[in-house]
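One letter stands for each residue in the lines below.
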Amino acid sequence: MLAKYWKKIGMLILIVACVFNVMNKLVHKLSLNSEMLSSAQYIYDQQQNETNNENNTN
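These notes cover the structure that comes with them. (Residues numbered from 1 in each chain as written. Predicted model: local features only at pLDDT ≥ 70, side-chain atom pairs only at ≥ 80, totals over all residues. Heavy atoms only, no water.)

Side note on the overall build of the protein chain
Turning to step 1, where the next piece is worked out: Along its length, the protein chain carries 2 helices and 0 strands.
Turning to step 2, where the next piece is worked out: A compact globule built from 58 residues should have a C-alpha radius of gyration of about 10 Å, whereas the protein chain, at 24 Å, is more than 25% larger.
Turning to step 3, where the next piece is worked out: With the principal axes as the frame, the protein chain shows a C-alpha extent of 80 × 25 × 10 Å.
Turning to step 4, where the next piece is worked out: Surface exposure of the protein chain reaches about 5800 Å², of which carbon and sulfur atoms provide 64%. (Helix = DSSP H or I, 4+ residues; strand = E, 2+ residues; numbered from the N terminus. Rg over C-alpha atoms; globule rule 2.2 N^0.38 Å. Areas by Shrake-Rupley, 256 points an atom, 1.4 Å probe, with all protein chains shown as cover.)

Observations regarding a nonpolar patch on the surface
Turning to step 1, where the next piece is worked out: Taken together, the side chains of Met11, Leu14, Ile15, Val19, Val22, Met23 and Leu26 present a nonpolar region at the surface, about 670 Å² in accessible area.
Turning to step 2, where the next piece is worked out: Mapped onto the secondary structure, methionine 23 falls in helix H1 (residues 6-27). (Patch = residues over 30% accessible without salt bridge, like charges linked within 9 Å, V, L, I, M, F, W, Y side chains within 5 Å. Salt bridge = Lys/Arg side-chain N within 4 Å of Asp/Glu carboxyl O.)

Some details on the environment of serine 39
Turning to step 1, where the next piece is worked out: Structurally, serine 39 can be placed in helix H2 (residues 32-57).
Turning to step 2, where the next piece is worked out: For serine 39, a relative accessible area of 32% corresponds to the partly exposed category.
Turning to step 3, where the next piece is worked out: Between the C-alpha atom of serine 39 and that of leucine 2, which follows or precedes it by 37 residues, the distance is 51 Å. (Buried < 20%, exposed > 50% of the residue type's maximum accessible area, 1.4 Å probe, protein only.)

With respect to the environment of asparagine 56
Turning to step 1, where the next piece is worked out: Take asparagine 56: it is sitting in helix H2.
Turning to step 2, where the next piece is worked out: Look at asparagine 56 and you get exposed, because its relative accessible area is 64%.
Turning to step 3, where the next piece is worked out: Note: C-alpha distance between asparagine 56 and alanine 40 (16 residues apart in sequence) is 24 Å.

Take a look at the structure:
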């Protein structure tokens, strides 16, 4: 019986795995606001590091 339906069983397992993957990504997705804030903080820190490095070399 398994040999007869292996393609359908495989497709069902694949679809279930894809649905769980998508749902997991949606649940753990960061909000746009927090993503923008963390990006701005990273850029600010990088600019501060560059400024400090330039001041230390001069």
